[in-house]
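# Observations on the three-dimensional arrangement
Residues per chain are reported as follows:
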Amino acid sequence: MVYTLGNLLVDILMYIEEFPVEAGALQGVSEVIIGPGGACNVAIMASRFGVPMASLGEVGDDYFGEIVLNGLAKEGVATEHVAINENSPTPVAGVLVDPQSEPGYLGYPGEQRLQMLPQEWRDALQESEGLFVDGWIEDEKMAGIMLEALRMAQRAGAQTFFDPGPGNPRQDNSWHSEVAGLATVVLATEAEVMRLTDAADHEEAAKRLLDNGSSLVLIKRGAKGCVLYGEDAVVEAAGLPLKTVDATGAGDSLAGAVIYGCLNDLSLEALGTLANATGAAKVIKKGTGHQVPTTAEVRAILDQFELKVPGWH
């Protein structure tokens, strides 16, 4: 079983005419999509690739908590270890997307109550194949929980995946560097990986992370594709020229593909191709959660560009 830890929330995506959204002005919304978001996107995408997935985290006993739990269950993601907090709200992200596919985010933190890693999570991690965490927290205590969970997963021989993202501007994100040192695989943009290491460029940053114990550093470059730094090789996977409709969740979708690829020992070349195709399959459609790509949609992108992924059947 592979687990995601933390960042369970609901996405409310609204597709607007343009930015800025001004106080007192009425602006049309062409479409609204509501569903599980955050780390749920990663779990759903990996599950669609056939990886046994489960979520560790907290939700409230409210309508949005039901959306998260029911949505994950619908996608085959196990939720028996998710903590349901009584009389507590579930985190919600309001995402405004304009016709240029640029998203703006409104975050409602909900209420997180965990003070330490629960024993049932410890037991689960001792038997895990993998653990994914990202860099978003609303409570500083969660940083300590993630670090302890990563150490446990590492001792269990599991592969560990970390996507720092931009981090929460209301929190001290210095813990990201410590988490990166515990991650088998780091997935980050050029700016993020340099922030993790204080390196002058992403190449030097990747080398520092590999020297620090990671086995793979994947640099996400948006429409330019990605660069994969392995222990013995570097592979650049060129981007796929497609018109972006909604970039929200593209990095999460890519992460789900990387989890599958790493657990199935895909080559760096195959992994880069699959990651690119999965991200591309996401940006050409709206929404997150249930709207992340299907494997059929990923295969359609590969077929369109006459690409193969050896090892993916």
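Quick look at the structure, then. It should be emphasised that the depicted structure is a prediction, and the values quoted were computed from it without experimental measurement.

Let us look at the overall build of the chain. Helix and strand content of the chain: ten helices and 14 strands. At 18 Å, the chain has a C-alpha radius of gyration in line with the 20 Å of a compact globule built from 313 residues. Along the three orthogonal principal directions, the C-alpha set of the chain runs to about 55 × 45 × 40 Å. Scored against the burial criterion, the 313 residues of the chain give a buried share of 55%. For the chain, long-range pairs separated by at least 24 residues make up 69% of all intrachain contacts whose partners lie at least 6 apart in sequence. Taken as a whole, the chain presents about 13,600 Å² of accessible surface, with 50% of it coming from carbon and sulfur. Charge centroids of the chain, computed over 20 positive and 44 negative side chains, lie 3 Å from each other.

Following the sequence through the fold, Pro310 ends up in the segment after helix H10 (295-304). Classification of Pro310 by relative accessible area gives exposed; the value is 59%. Taking the C-alpha atoms as reference, Pro310 lies 6.1 Å from Ala270; in sequence the two are 40 residues apart. With near-sequence residues (within four places) excluded, Pro310 lies in contact with Leu266 and Ala270.

On to the sheet that holds strand S12 (residues 216-220), then. Read across the sheet, eight strands follow the order S4-S1-S9-S10-S11-S12-S13-S14 without closing on themselves; strand pairing throughout is mixed. Looking at strand neighbours, the two that pair on one side only are strand S4 (53-56) and strand S14 (234-238), the edges of this open sheet. Pairwise comparison of adjacent strand axes, ignoring direction, gives a mean angle of 15 degrees for this sheet. Pairing of strand S1 (residues 2-5) with strand S9 (residues 130-134) involves four bridges; the strand directions are parallel.

The first and last C-alpha atoms of helix H2 (residues 63-74) sit 16 Å apart over twelve residues, in line with the 16 Å expected at 1.5 Å per residue. Turning to H2, its buried residues are Gly65, Ile67, Val68, Leu69, Gly71 and Leu72. Taken together, the buried residues of H2 touch strand S2 (8-16), strand S3 (29-38), helix H1 (39-48), S4, strand S5 (58-60) and strand S6 (83-85). Just downstream of H2 lies Gly76, where phi reads positive at about 80 degrees.

Now for the side chain of His176. Looking at the secondary structure, you find His176 in helix H5 (residues 175-180). His176 sits in the buried class, given a relative accessible area of 0%. Reaching out from His176, the side chain makes a polar contact with the side chain of Arg195 at a distance of 3.2 Å. Beyond its immediate chain neighbours, meaning those up to four positions away, His176 contacts Gly135, Phe162, Pro164, Gly165, Gly167, Arg195 and Leu196.

Counting across every chain of the model gives 13 salt bridges. In this structure, Asp163 engages Lys220 in a salt bridge whose closest nitrogen and oxygen atoms are separated by 2.8 Å. Of this pair, Asp163 sits in strand S10 (residues 159-163) while Lys220 sits in strand S12, and the two are 57 residues apart along the sequence. Each member of the pair, Asp163 as well as Lys220, is classed as buried. Between Glu204 and Arg208 there is a salt bridge, with its nearest N and O atoms 3.2 Å apart. Taken together, the positions of Glu204 and Arg208, both in helix H7 (residues 202-211) and four residues apart, correspond to about one turn of that helix. Classification of Glu204 by relative accessible area gives partly exposed; the value is 31%.

What follows deals with the nonpolar core. Note on soluble globular proteins: their nonpolar side chains tend to be buried together. Grouped together as the largest cluster of nonpolar side chains are 52 residues, with contacts concentrated most on Phe49, Phe161, Val258, Ile259, Leu274, Val298 and Trp312. Ranked by residue count, the leading element in this core is helix H9 (residues 268-283), at eight residues. Contact partners of Trp312, with chain neighbours within four places excluded, come to Phe49, Tyr260, Leu266, Leu274, Thr295, Val298, Arg299 and Leu302.

Judged by side-chain charge, Glu80, Glu120, Asp123 and Glu127 come together as a negatively charged surface patch. Counting through the fold element by element, Asp123 comes out in helix H3 (residues 119-126). Judged by its relative accessible area of 40%, Asp123 falls in the partly exposed class.

With four of five residues buried, S10 is to be regarded as a mostly interior element. Sheet analysis places S9 next to S10, joined by five bridges and oriented parallel. Counterpart to Leu131 in the pairing with S10 is Thr160. The parallel pair S9 and S10, bridged by helix H4 (residues 141-155), forms a crossover whose chirality is right-handed. Here two bridges tie S10 to strand S11 (residues 185-189), and the two strands are oriented parallel to one another. Along S11, the bridge assignment pairs Phe162 with Val186. Each parallel crossover has a hand, and the one from S10 via H5 to S11 is right-handed.

Criteria and cut-off values
Residues numbered from 1 in each chain as written. Predicted model: local features only at pLDDT ≥ 70, side-chain atom pairs only at ≥ 80, totals over all residues. Heavy atoms only, no water. Helix = DSSP H or I, 4+ residues; strand = E, 2+ residues; numbered from the N terminus. Rg over C-alpha atoms; globule rule 2.2 N^0.38 Å. Buried < 20%, exposed > 50% of the residue type's maximum accessible area, 1.4 Å probe, protein only. Contact = heavy atoms within 4.5 Å. Areas by Shrake-Rupley, 256 points an atom, 1.4 Å probe, with all protein chains shown as cover. Lys, Arg positive; Asp, Glu negative; His and termini not counted. Charge placed at Lys NZ, Arg CZ, Asp CG, Glu CD. Pairing = 2+ DSSP bridges. Axes fitted to C-alpha atoms, helices over the stretch in contact; angles between N-to-C directions. Expected span 1.5 Å × (residues − 1). Polar contact = N/O pair within 3.5 Å; in protein donor to acceptor, adjacent residues only side chain to side chain. Salt bridge = Lys/Arg side-chain N within 4 Å of Asp/Glu carboxyl O. Core = buried A, V, L, I, M, F, W, Y, C linked by side-chain atoms within 4.5 Å. Patch = residues over 30% accessible without salt bridge, like charges linked within 9 Å, V, L, I, M, F, W, Y side chains within 5 Å. Right-handed = clockwise from strand over helix to strand, strands pointing away.

As far as function goes, none of this settles anything; it's purely spatial.
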